[in-house]
Every structure is written in structure tokens, then in C-alpha cells.
Amino acid sequence: MASVQAEPTKIAHAAHGARAVLLPRQLSDPEFALFARVGGRREVQPGEIIFRRGELGRSMFIVESGQIQLEFGDGMPDKLIGPREFFGELVLFIGSHTRVANAVALNPVVLHIVDHDTFDELIASEPRLLAQFMRRSFSYLVASEQQLIQSLKRRNEDLMVTLDSLRQTRTQLSTAQRLVQTDELTGLCNRRGLYMFLERLAEYRLPGTVLGLLLIDLDRFKQINDRCGHLIGDQVLRAIAEEVQNAAASTDVPARLGGDEFALLMQVTGEEELRARATQIIAGVHALRFPGCNEGLGVSVSIGGGLCADGADWAVWYSDADAALYEAKGRGGDGYEVAPPHGNQSGGLHSVI
Ligand SMILES: Nc1nc2c(ncn2[C@@H]2O[C@H](COP(=O)(O)OP(=O)(O)OP(=O)(O)O)[C@@H](O)[C@H]2O)c(=O)[nH]1
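Residues numbered from 1 in each chain as written. Predicted model: local features only at pLDDT ≥ 70, side-chain atom pairs only at ≥ 80, totals over all residues.

Q: Explain the pairing of strand S16 (residues 335-338) here, please?
A: Regular strands have side chains that alternate between both faces of the sheet. Looking at chain direction, strand S15 (residues 301-307) and S16 are connected through four bridges and run parallel. Bridge assignment links Ile303 to a residue of S16, and that residue is Tyr336. Regarding the hand of the β-α-β motif, the stretch spanning S15, helix H10 (residues 314-330) and S16 is left-handed. (Pairing = 2+ DSSP bridges. Helix = DSSP H or I, 4+ residues; strand = E, 2+ residues; numbered from the N terminus. Right-handed = clockwise from strand over helix to strand, strands pointing away.)

Dropping the structure here:
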């Protein structure tokens, strides 16, 4: 519920104390007497609505006793109108004006209602008094509008700050999401990242291609670690990751599945391209050199691959490529093997996650 901005109901006194100064919405004695005399008297019960926001206004109201709450809505503060104050006067100054607030009686209220015709007659019969009333009322309305503009400006600034921090949160979220899907050592996609890609695979599929999977495993990596130390071991892993990345097109997903096992999920034209990529990786790895270690120890990889059967899932693709990898390892490593086409049609990706 909006807060209530109470307007002073007392007559304020000028600093020098010589003359009483009326607050903007207060009527002087002669003004109140005049409006009370010509206006229609109406008693209002607590909770009764005098007018609603959006209604076409026809009259101004003067409060003799009790309190009226003006509810502007849209998060703007409500206003209280008390004895000898007026509200709804805008309709008398500009024709066919719609109400900008709901006016609700907070307690038993006595009102005097001045309509358009009565007001016009008063302008003719009491021009001096009415001019004074209108002048004061106008300056109040202008001040109110200025206040409103200020408060809207402030709200706008607050909103900009909120928007800014939301943008930051979004950036942090996407950074966190990227980190969760990335292998820290090599910067490639990790297993989780690959699974997330698989969930949205349909969005990335290129027409006229088939999916192909290569599993790449370092040969005798334990020995490299043992002989050269883990730091060199890490360097080797990073270098292999680069070779896998080099063999990947922009629509492919190179990943480190863990330890010394890498994967390359590709969109290829057929088995020939799959073999060409495997050959490229093997050749790239052969050319790698690691100062202080590589002299006596070659680095090589074994690769198992296969074309991914349509309708099958990751578990099937992985198991076919893994069987081929096992064969390549069995032949002493440093080579690749491609699995025969697989006809198995099974369920969804979720069987592996
Ligand atoms: N430096 C380093 N070593 C790792 C990392 N993750 C796993 N390893 C090591 O990788 C080695 C993998 O050993 P194995 O699974 O026996 O594989 P391999 O020695 O390559 O044997 P083959 O695959 O049969 O040729 C282990 O010694 C792990 O400690 C890593 O992040 N950094």
C-alpha cells in the first residue's frame, strides 16, 4: 500500500509573525465561507469513495470536517486532505479533466461540492477572491508537478542502478556457467560441458552432415608423469588439447573427458573426413617437443572413432568409439581405429548422465 503524505492542516505563520500565511490547499476564512455558502453540502461515510481515478471530473470539493485520502497509485504517495482544505479543483480550471486519484473518506466527512456553473458564477460575482484562490491553487499544482518530476527522476535513477546490478549478476552467472563447463587445465569443454551441448544438439545440427566421435587417449602417459614430473605432464595435456582443438571446426566440440582422455564430437561429411581428422591429430602430436623430457620419450596418442548412428545416444556412440580405441591401444598405440557402422537404436542421452 502506498505511503501517506499528510499535508499540514494548520495555518502557518510567517516568520515575522505579523500575518497568518495560508498553506497552498487551505482556504482563507472568506473563501471557505463563500464556498460553503454556494456549494452543495454532502455527508460521507467512512470508506465511501467520492470519485475514482480515471473518471471524468465535474466538481471541486471542500472539506468542512473529517479526512479524505487521495490515492494516486503507481507507487506514488497518498495524500490526506483535512478540514478547510479542497481537492479536485483542476476540473474547474481546465475542461473535461479525468481524476488522477481515488478520493476515499477515512472517517465521517462533511463536504461542500462546487460544480462548474457555480464556479463560473463566482468568478463573475467575486473576481478578487476567486483570482486569489486560483493563483494560490495554480502555484500549488505547479509545485506538485515539479515534485512529481523530481520523484520520477529519482525513481528512474534507482531503476538504472538496479538494472546495472542485474546486468552484472547476469555476467557473473554466465561466467560461472562457463567455468562449470570448462576444463581448468586445458580450457577445453569438460565432460559436463559436452553433456550440456548434447542436450541442445538439435539446435546445432548442420544439414548434410553426420555426427562423428573421436576418443583420443595419450599413450603411456603415466611414464611421462613418472619420468618428467607432473608439471611436464600438464604441459603435455595442454599441448594435446591444442592439437584436438586444431582439428575441430567451429561447429565441433573438443573436450577433455578426464585424465589423459579427450574427445572430439564432430559434424562430418562421412567416414573419410573422420579418418582425416584422426590422422591430423596423430601427426600434430608427433611433432610435439617438450624440452628436458621429450628426447628419450615420444608422445603419441591412440584414437578410437566412429560415425554416430542416428537415433542412438551418447552411451552407444561412446561405447563404439571406446571399443575402437581399445583395439588401437592393443596394436601398440600411436594410431587410430574406426568402429564399423552401428545399427543399434536406443533411448535418450539421459541414460549416460
Ligand atoms: N600431469 C597430470 N597427470 C594426470 C592428470 N590427470 C590424470 N593424470 C595421470 O594420467 C595417468 C594416466 O595413466 P593410465 O590411465 O595408466 O594411462 P597411460 O599411462 O596413458 O596408459 P595407456 O593409456 O594404457 O597407454 C595417471 O598416471 C594419472 O595420474 C593431470 O591433470 N595432470
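Q: I'm lost on the nonpolar core in this one. Help?
A: The nonpolar side chains of a soluble globular protein tend to be buried with one another. Of all hydrophobic cores here, the largest spans 41 residues; its most connected members are Leu213, Leu214, Ile216, Ile240 and Ile303. Of all the secondary-structure elements, those providing two or more residues to this core are strand S12 (210-218), helix H8 (230-246), strand S14 (261-268), helix H9 (271-286), S15, H10 and S16. It is H10 that contributes the most residues to this core, seven residues altogether. Setting aside residues up to four positions removed in sequence, Ile216 forms contacts with Val244, Phe262, Leu264, Ile281, Val301 and Ile303. (Core = buried A, V, L, I, M, F, W, Y, C linked by C-beta atoms within 7 Å. Buried ≥ 20, exposed ≤ 12 C-beta atoms within 10 Å, placed from the backbone. Contact = placed C-beta atoms within 7 Å.)

Q: Looking at this structure, I do not really get the site of the ligand. What am I missing?
A: Taken together, 15 residues lie around the ligand, and Phe221, Lys222, His230, Gly233 and Gly259 are the ones closest in. Of all the secondary-structure elements, those providing two or more residues to the shell around the ligand are S12, helix H7 (221-228) and H8. No other element matches the four residues that H8 contributes to the shell around the ligand. For the shell around the ligand, the per-class residue count stands at four nonpolar, four polar and seven charged. (Near = placed C-beta within 6 Å. Nonpolar A, V, L, I, M, F, W, Y, C, P; charged D, E, K, R; others polar.)

Q: What exactly am I supposed to notice about the packing of H8 against H9 here?
A: Geometrically, a packed helix pair is captured by the angle between its two axes and the distance between the axes. Direction vectors running N to C along H8 and H9 enclose 145°, while the axes themselves pass 9 Å from each other. At the point where H8 passes H9, the crossing takes the right-handed sense. Counted together, Ile240, Glu243, Val244 and Asn246 of H8 and Ile281, Gly284 and Val285 of H9 form the full contact between these two elements. Residue composition of the contact of H8 with H9, grouped by class: four nonpolar, two polar and one charged. (Axes fitted to C-alpha atoms, helices over the stretch in contact; angles between N-to-C directions. Left-handed = near helix turned anticlockwise from the far one by under 90°.)

Q: Help me out: how do you make sense of the sheet that holds S16 in this one?
A: Whether parallel or antiparallel, the strands of a sheet pair through hydrogen bonds between backbone atoms. The strand order across the open sheet built from five strands is S13-S14-S12-S15-S16, with neighbouring strands paired in mixed fashion. Looking at the sheet topology across the chains shown, the edges are occupied by strand S13 (253-258) and S16. Pairwise comparison of adjacent strand axes, ignoring direction, gives a mean angle of 20° for this sheet. Two strands pair when backbone bridges link them, and S12 and S14 are joined in this way by eight bridges, in the antiparallel orientation. Each bridged residue has a counterpart across the sheet, and for Val210 the counterpart in S14 is Val268. Sheet contacts for H8: S12, S13, S14 and S15; angle to S14, the most-contacted strand, approximately 5°. Those strands touched by H10 are S12, S15 and S16, and its axis lies near 140° from that of S15.

Q: Help me understand the environment of Ala278 in this model?
A: Within the secondary structure, Ala278 is located in helix H9. Classification of Ala278 as buried rests on a count of 25 C-beta atoms within 10 Å. Spatially, the C-alpha atoms of Ala278 and Ser302 are 9.3 Å apart, while their sequence positions differ by 24 residues. Setting aside anything within four residues of it in sequence, one finds Ala278 in contact with Leu214, Ile303, Gly305 and Tyr336.

Q: Could you clarify how one ought to interpret the confidence of the model for the protein chain in this entry?
A: Close inspection of predicted coordinates is inappropriate in any region flagged by low pLDDT. Averaged over every residue, the pLDDT of the protein chain is 87; the share at 70 or more is 88%. Below a pLDDT of 50 lies the segment residues 1-19, which in the model reaches 34 contacts outside its immediate sequence neighbourhood of four places, other chains included. Long-range and interchain partners of residues 344-353, a stretch whose pLDDT sits below 50, account for 20 contacts in this model, where long-range means more than four residues apart. Model confidence for the complex is summarised by a pTM of 0.61, with the ipTM given as 0.97. (pLDDT = per-residue confidence, 0-100.)

Q: Whenever I open this one, the UniProt feature "coiled-coil region" (unreviewed entry) in the protein chain confuses me. Can you help?
A: With numbering matched to this structure, UniProt assigns "coiled-coil region" (unreviewed entry) to residues 142-169. End-to-end, the C-alpha atoms of residues 142-169 are 41 Å apart, and along that stretch the chain is 100% helix and 0% strand. (UniProt positions renumbered as here; feature names shortened; annotations may be inferred.)

Q: Explain the sheet that holds strand S4 (residues 40-44) to me, please; I cannot follow it from the model alone.
A: Read from one edge of the open sheet, four strands run S4-S11-S6-S9, paired in antiparallel fashion. Looking at strand neighbours, the two that pair on one side only are S4 and strand S9 (86-87), the edges of this open sheet. Packed on one face of the sheet, helix H3 (residues 116-125) meets strand S6 (59-65) and strand S11 (109-115) and runs near 70° to S11.

Q: Help me out: how do you make sense of helix H1 (residues 29-38) in this one?
A: Because each turn of an α-helix spans 3.6 residues, side chains separated by three or four positions in sequence point in the same direction. Listing the buried residues of H1 in full gives Glu31, Leu34 and Phe35. The buried residues of H1 occupy an angular sector of 90° when projected down its axis, which confines them to one face. Turned more than 90 degrees away from the buried face of H1 sit Asp29, Ala33 and Arg37, all of them exposed. For H1, the elements touching its buried residues are S6, S11, H3 and helix H4 (127-180). (Arc of directions from axis to C-beta.)

Q: When you look at the packing of H7 against H8 in this model, what are you seeing that I'm missing?
A: Put simply, H7 and H8 touch, their axes get as near as 7 Å, and they point 140° apart. When the axes of H7 and H8 are compared, the pair comes out oblique. Facing H7, whose interface residues are Phe221, Ile224, Asn225 and Cys228, H8 presents His230, Ile232, Gly233 and Val236. Class assignment for the residues of the contact of H7 with H8 results in five nonpolar, three polar and no charged. (Parallel < 35°, antiparallel > 145°, perpendicular 65-115°, else oblique.)

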